[in-house]
Amino acid sequence: MKRSIVLLPGLAFLFLTCALPAGAGAQGLGFGFAAGYAKPSNSLYSGSVAGGVVFSIGVMKYLAFEIQAGYLGPAVEASEDGLSEGRLTVVPVQLSVQGRFPFAGGRVAPFVELGGGYYLNSFALDSNLAKRWKDVGFTLEEKPGGAVGVHFGGGLDVFLGRRISLGLGLKYSLVTMKAVWSLLDDASRTEVTGELDGLTLSPLVVGLRVRFFFN
Amino acid sequence: MRRNSGKSAIVFSAVIVLAAVVTLVPGGAVVKQEPPPAGDAATIPVQVDKGPPKLDHALYMFQKIHETQGPDKAREYAERRRLDVEGDAVRVIVESSGTMIASERINGRAAVLENHVRSLGGRVEDSYQELFQCRIPAAGLWELAGNPAVRFVRPPLRPHTQAVTSEGVALTGANLWHDLDPYRASSAGVKVCVLDLGFKNHNLLLGTELPATVRTRSFRADGDIAAGEVHGTACAELVHDMMPDAQMYLVNFNTELEHRQAVEWLISEKVDVISYSIAWFNAGDGKGTGPICQTVKRAADNGILWVGAAGNYAEDHWEGTFGDSDADGWHNFSGSDEIINFYVPAGTPVGGFLNWDDWGVWNGIFYSGSSQDYDLYLYWWVGGNWVFVDKSENWQDGDQWPVEFIGYWYHPTVSTYWGFAVKKYSATRNCKLELFVTGNYDAVEYNVPEGSLAIPADSEHCIAVGATDTVTYPDTYHPYSSRGPTHDGRVKPDFTAPSGVSVSNLTYGYRGFYGTSASAPHMAGGLALMKGKTPYGWDEVRAILESRAVDLGPSGKDNQFGFGRLNVKK
């Protein structure tokens with residue numbers, strides 16, 4: 001039953017691609033949206049919905065550049081050397097170079113991509129945890145910093161016309177972040193702080209995207 | 001155009017389906033592995049498996065697991081459910097039914113049940129009226145419960161010791177911390193030592209009023225950790241009440257050298273906190289020097305936080321400059337009065353400790369000594385007259401300490417007044433005298449509460465703790481609690497903490513632990529609690545507690561309450 005749920009739309013998707021008109025090969029400027037699922041490689045971070053916006057520039061038939069700004073929000077399980085219980089918000093801003101291999105008259109274009117990006121990170125402590133410390137007079141904070149990462153991946157774009165494409169992609173990012181923690185005594189303002197190094201995020205994102213072109 | 005619109009609709013439908021597949025499968029209910037939240041339990045289908053109606057469910061499960069998963073799993077289960085298992089046999093209580101079956105009428109109920117139990121490979125350990133305590137192999141539980149003579153088979157009821165928690169725990173807010181997980185710290189890593197004279201009955205309180213395991217060591221010559229004294233045990237109870245997670249050391253001594261050896265050992269053990277409810281007299285100049293304060297300094301230099309009782313001597317203390325207005329060689333306490341008196345109940349030992357401000361220079365090992373010679377004399381009031389009892393006439397001609405002591409060996413058979421007199425033997429100046437009296441029922445005549453700190457509460461390395469009441473008049477000062485300043489003018493004590501609190505009946509009982517001896521362990525426990533739960537260093541923990549202390553008496557730190565009463569909540 002579950003297999004058929006996955007296979008049927010897949011077959012439908014392949015059928016439709018064959019019936020579509022030839023695409024333009026994604027040359028020119030494009031804009032679109034992406035949505036999917038992200039699972040950080042760190043087992044303490046849960047999987048989460050991922051999403052974002054995409055700008056692309058197709059410089060030639062086989063080469064394109066892409067800028068993507070995304071979002072993912074994994075829940076975090078506490079660990080001794082890592083973050084406490086809470087939820088991480090990650091906004092990756094990524095620049096990719098894509099090698100594209102269109103066929104079927106340009107209607108279908110598998111691609112591989114490689115790039116780098118900057119990951120804007122923030123963290124919200126579990127509200128119960130924060131409250132319990134507040135109850136004994138302390139403010140607990142943990143702030144992850146931004147991080148630079150590299151990524152690679154690949155996928156398949158299907159052109160539904162000259163101005164619209166639909167894609168399925170897989171992207172793995174290598175990202176390690178740092179964070180600072182602080183515990184502040186609300187009365188005396190006595191604060192103790194520390195750093196957390198080597199917090200591996202490295203999400204694997206699988207997602208769909210739809211793009212519109214202005215060429 | 002219309003055709004394109006139709007295609008788009010189909011394509012978007014496919015996108016939505018695909019998106020749903022991609023986004024929902026990883027978190028969907030189908031593959032969810034986590035247990036449901038407690039409130040959702042009713043929505044999860046549960047297969048009811050209650051077992052035989054006459055068998056406790058834990059015992060039923062024990063046999064079932066034994067048969068389906070083997071003895072090891074069954075023993076694991078038994079441990080979780082606190083079943084008393086030996087080998088494969090579990091201890092149970094068999095409640096026999098009220099009506100006798102035929103064989104019971106003939107052979108007696110006990111005999112019939114015993115035969116059945118024995119046939120199952122078990123034994124009857126004890127019986128009382130309708131109850132039979134038995135050991136039954138796992139395989140026989142269901143069958144035993146099926147016996148018509150049996151009303152119910154269950155585990156024995158478990159006795160629980162009545163836990164006694166100091167009222168100081170709630171007053172200081174320590175209870176709010178107990179369920180809080182340490183943040184980048186380790187509660188279990190904090191080592192707290194109660195350094196005291198004796199720990200009688202401590203072994204009877206392990207796992208209840210004290211941690212299940214404690215480290216004990218006696219530095220007494222006879223190696224007796226109990227030493228006939230419950231004082232240390234009561235202190236340890238309070239530390240445990242305040243900071244249940246700490247590793248606890250119970251260490252005792254009897255002499256100053258044993259005391260020093262004990263501290264050296266505690267340094268080697270990397271103990272974090274010493275809770276010290278012991279006082280010394282005539283052991284230093286009151287400025288934080290002398291052999292006992294040196295030991296405290298040695299501990300502090302090695303990272304140990306020393307928390308000490310300020311002393312219970314505010315009403316037992318007199319100090320003043322020697323004055324001899326009638327030029328007879330005797331100090332005049334007031335006008336022509338040359339005896340400081342105090343009332344002593346019958347049977348109470350009497351003592352007096354005199355010292356004066358001529359200790360010389362402390363070099364870390366010795367004082368250079370005194371050349372001002374005063375002596376101490378003891379009298380009691382008999383038949384309308386002061387009658388001489390004893391004297392202390394140490395030499396002070398350069399090397400000796402400026403101290404005189406008349407000790408505890410007088411146990412008067414009648415309640416009466418006693419008195420001390422001080423005589424100048426040979427002195428080139430009028431020294432500042434200090435007298436501590438023991439055995440007095442209430443405040444001594446001409447009482448001077450100021451400066452009544454016991455040693456080593458005068459040490460700058462000792463967090464000195466005074467006593468406030470906890471139950472009857474919360475946060476009121478206990479008048480016996482020793483006050484500062486030190487003889488070099490420093491404000492002491494540093495804090496006050498609860499006293500008049502409850503401990504177990506094996507020590508001082510319900511609301512029976514009074515004195516700064518009770519206060520110091522509260523303070524030590526409070527410091528250890530905050531240190532064990534947070535990543536702050538000792539200096540920061542101390543600063544935080546200074547700011548949180550409930551300021552009593554004059555605003556700010558004062559010589560009666562210090563920074564105020566210990567408070568670990570916000």
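Just so it is clear, the structure is predicted and the values come from calculations on it, not from any experiment. (Residues numbered from 1 in each chain as written. Chains lettered and ligands numbered in written order. Predicted model: local features only at pLDDT ≥ 70, side-chain atom pairs only at ≥ 80, totals over all residues. Heavy atoms only, no water.)

Colleague: Which parts of the structure should I look at to understand the overall build of chain B?
Modeller: A tally of regular secondary structure across chain B gives 13 helices and 20 strands. Per-residue burial for chain B yields a buried fraction of 51% across its 570 residues. For chain B, the exposed area adds up to about 25600 Å²; of that, 53% sits on carbon and sulfur atoms. (Helix = DSSP H or I, 4+ residues; strand = E, 2+ residues; numbered from the N terminus. Buried < 20%, exposed > 50% of the residue type's maximum accessible area, 1.4 Å probe, protein only. Areas by Shrake-Rupley, 256 points an atom, 1.4 Å probe, with all protein chains shown as cover.)

Colleague: Just to check I follow, could you spell out the pattern of salt bridges for this structure?
Modeller: Oppositely charged side chains can form a pair if their charged atoms are brought close together. Residues and elements named next belong to chain B. Per the stated rule, a full pass over the model turns up 41 salt bridges over all chains. For the salt bridge of Asp-494 with Lys-492, the shortest nitrogen-to-oxygen distance reads 3.0 Å. The burial state of Asp-494 is the same as that of Lys-492; both residues are buried. Within the structure, one salt-bridge network assembled from shared partners comprises Asp-84, Glu-86, Arg-91, Arg-123, Glu-125 and Arg-135. (Salt bridge = Lys/Arg side-chain N within 4 Å of Asp/Glu carboxyl O.)

Colleague: Help me understand the pairing of strand E19 (residues 462–469) of chain B in this model?
Modeller: It is a general feature of regular strands that their side chains alternate between the two faces of the sheet. Residue and element names in this part refer to chain B. When you tally the buried positions in E19, you get 8 out of 8 residues, the bulk of the element. What you see with E19 is no split at all: Cys-462, Ala-464, Gly-466 and Thr-468 on one side and Ile-463, Val-465, Ala-467 and Asp-469 on the other are buried throughout. Across 4 bridges, strand E10 (residues 305–309) lies against E19 in parallel orientation. Counted as the bridge partner of Ala-309 is Val-465 from E19. In this sheet, strand E20 (residues 495–499) lies alongside E19 in parallel orientation, the contact comprising 5 bridges. Opposite Ala-467, over in E20, you have Ala-497 as the bridge partner. (Pairing = 2+ DSSP bridges.)

Colleague: When you look at empty space enclosed by the protein in this model, what are you seeing that I'm missing?
Modeller: Unoccupied space between atoms shows up once a probe the size of one water molecule is rolled over them. Under the defined criterion, the tally for this structure stands at 3 cavities of 30 Å³ or more. Here the largest cavity is characterised by a volume of approximately 320 Å³. If you go around the largest cavity, you meet 27 residues; those closest to its centre are Ala-34, Gln-68, Lys-171, Val-205 and Gly-207 of chain A. For the lining of the largest cavity, the elements supplying multiple residues, two or more each, are strand E1 (28–40), strand E2 (48–60), strand E3 (63–72), strand E5 (86–100), strand E6 (108–125), strand E9 (164–185) and strand E11 (203–213) of chain A. Per-element accounting of the lining of the largest cavity gives the leading share, 6 residues, to E11 of chain A. There is about 110 Å³ of room inside the second largest cavity. Along its surface, the second largest cavity is lined by 16 residues, and Gly-286, Glu-434, Phe-436, Leu-453 and Ile-455 of chain B are the ones closest to its centre. Grouping the constituent residues of the lining of the second largest cavity by class yields 7 nonpolar, 7 polar and 2 charged. Looking at which domains feed residues into the lining of the second largest cavity, each of domain 2 (160–313 + 449–570) and domain 3 (317–438) of chain B supplies at least three. (1 Å grid on protein atoms, 1.4 Å probe; cavity = no way out; pocket = protein on both sides within 12 Å on 5 of 7 lines; lining within 4 Å. Points joined across faces, edges and corners; volume = space filled by probe spheres on them. Nonpolar A, V, L, I, M, F, W, Y, C, P; charged D, E, K, R; others polar. Domains from an automatic or database assignment.)

Colleague: Any chance you could explain the sheet that holds strand E12 (residues 340–344) of chain B here in plain terms?
Modeller: Strand pairing in a sheet relies on backbone hydrogen bonds, with the paired strands running either antiparallel or parallel. Residues and elements named next belong to chain B. Taken in spatial order, the 4 strands line up as E12-E17-E14-E15 in an open sheet, and their pairing is antiparallel. Whereas interior strands pair on both sides, the edge strands pair on one side only; in this sheet they are E12 and strand E15 (385–392). On average, adjacent strands in this sheet sit at an angle of 30° to one another, irrespective of strand direction. Bridging between strand E14 (residues 373–382) and strand E17 (residues 416–426) involves 8 bridges; their strand directions are antiparallel. By the bridge assignment for E17, Leu-378 is matched with Phe-420. (Axes fitted to C-alpha atoms, helices over the stretch in contact; angles between N-to-C directions.)

Colleague: Explanation requested: the confidence of the model for chain B in the structure shown.
Modeller: A low pLDDT score tells you not to read the predicted coordinates there in detail. Residue and element names in this part refer to chain B. Chain-level statistics for chain B give a pLDDT mean of 87 and a share of 88% at 70 or above. Across residues 1–46, where pLDDT falls below 50, the model places 29 contacts with residues more than four positions away in sequence or in other chains. Predicted complex metrics record ipTM = 0.79 and pTM = 0.75. (pLDDT = per-residue confidence, 0-100. Contact = heavy atoms within 4.5 Å.)

Colleague: Help me understand the environment of Asp-224 of chain B, please; the structure alone is not making it clear to me.
Modeller: Residue and element names in this part refer to chain B. Mapped onto the elements, Asp-224 comes out in the loop between strand E7 (215–218) and helix H9 (231–242). Here Asp-224 falls in the partly exposed class, since its relative accessible area comes to 32%. On a C-alpha basis, the gap between Asp-224 and Gln-63 in space is 47 Å, while along the polypeptide they are 161 residues apart. Leaving out residues up to four positions away in the same chain, Asp-224 has contacts with Ser-218 and Asn-252.

Colleague: Looking at this structure, how should I read the packing of aromatic side chains?
Modeller: Each aromatic ring pair is characterised by the separation of its centres together with the angle its planes make. Following the criterion strictly, the structure yields 40 aromatic pairs over all chains and no others. With 5.9 Å between their ring centres and 90° between their planes, Trp-133 of chain A and Trp-177 of chain B make a pair best called edge-to-face. Note that Trp-133 of chain A is positioned in helix H2 (residues 127–135) and Trp-177 of chain B in helix H8 (residues 175–178), a pairing that runs across two chains. On the basis of relative accessibility, which here comes to 1%, the residue Trp-133 of chain A falls in the buried class. Judged by its relative accessible area of 0%, Trp-177 of chain B falls in the buried class. Grouping aromatic residues by their ring pairs yields a cluster made of Trp-133, Phe-138 and Trp-181 of chain A together with Trp-177, Tyr-183 and Tyr-536 of chain B. The cationic tip of Lys-531 of chain B hangs over the ring face of Trp-538 of chain B; the distance from NZ or CZ to the ring centre is 5.7 Å. (Phe/Tyr/Trp six-rings, centres within 6.5 Å; stacked < 30°, edge-to-face > 60°. Lys NZ or Arg CZ within 6 Å of the ring centre and 35° of its normal.)

Colleague: Would you take a moment to explain the pairing of E6 of chain A for this structure?
Modeller: Pairing between E5 of chain A and E6 of chain A: 15 bridges, direction antiparallel. Bridge pairing links Gly-99 of chain A to Val-112 of chain A in E6 of chain A.

Colleague: Is there a simple way to think about the domain arrangement of chain B in this case?
Modeller: How large an interface is tends to be reported as the accessible area lost when its parts come together. Here chain B is partitioned into domain 1 (57–154), domain 2 (160–313 + 449–570) and domain 3 (317–438). Put simply, the middle of domain 1 of chain B and the middle of domain 3 of chain B, counted by C-alpha atoms, are 74 Å apart.

Colleague: How should I be thinking about the packing of H9 of chain B against helix H12 (residues 516–533) of chain B in this particular structure?
Modeller: To describe two helices that pack against each other, one gives the angle between their axes and the distance between the axes. Residues and elements named next belong to chain B. Their axes nearest at 8 Å, the elements H9 and H12 cross at an angle of 35°. Relative to H12, the crossing made by H9 is right-handed. The residues of H12 that touch H9, namely those facing His-231, Cys-235, Leu-238, Val-239 and Met-242, are Ser-517, Ala-518, Pro-521, His-522, Gly-525, Gly-526 and Leu-529. Here the contact of H9 with H12 is composed, by residue class, of 7 nonpolar, 5 polar and no charged. (Left-handed = near helix turned anticlockwise from the far one by under 90°.)

Colleague: Sorry if this is basic, but what is going on with helix H13 (residues 538–548) of chain B here?
Modeller: Note on helix geometry: an α-helix contains 3.6 residues per turn, so any two residues three or four positions apart are oriented the same way. Taken residue by residue, H13 of chain B has Trp-538, Val-541, Ile-544, Leu-545 and Arg-548 of chain B as its buried positions. Projected onto a plane normal to the axis of H13 of chain B, the buried residues spread over an arc of 125° and lie on a single side. (Arc of directions from axis to C-beta.)

Colleague: Would you explain unusual backbone geometry in this entry?
Modeller: Residue and element names in this part refer to chain B. Of note, the bond from Gly-484 into Pro-485 is cis; its omega dihedral lies within 30 degrees of zero at 5°. Looking at the element boundaries, Pro-485 is found in the loop between E19 and E20. Omega for the bond connecting Lys-492 with Pro-493 falls within 30 degrees of zero, at 0°, which places this linkage in the cis form. Mapped onto the elements, Pro-493 comes out in the loop between E19 and E20.

Colleague: Would you take a moment to explain the layout of surface pockets for this structure?
Modeller: Its boundaries defined by the atoms lining it, the largest pocket holds a volume of some 630 Å³. Lining the largest pocket are 28 residues, with Leu-197, Ile-278, Ala-279, Trp-280 and Tyr-313 of chain B positioned closest to its centre. Elements with a contribution of two residues or more to the lining of the largest pocket: helix H11 (291–301) and H12 of chain B. Residue classes in the lining of the largest pocket are distributed as 16 nonpolar, 8 polar and 4 charged. A volume near 350 Å³ is recorded for the second largest pocket. Lining the second largest pocket we find 15 residues, and of these Ala-78, Ser-84 and Leu-129 of chain A together with Asp-181 and Pro-182 of chain B sit closest to its centre. For the lining of the second largest pocket, a count of residues per class yields 7 nonpolar, 2 polar and 6 charged.

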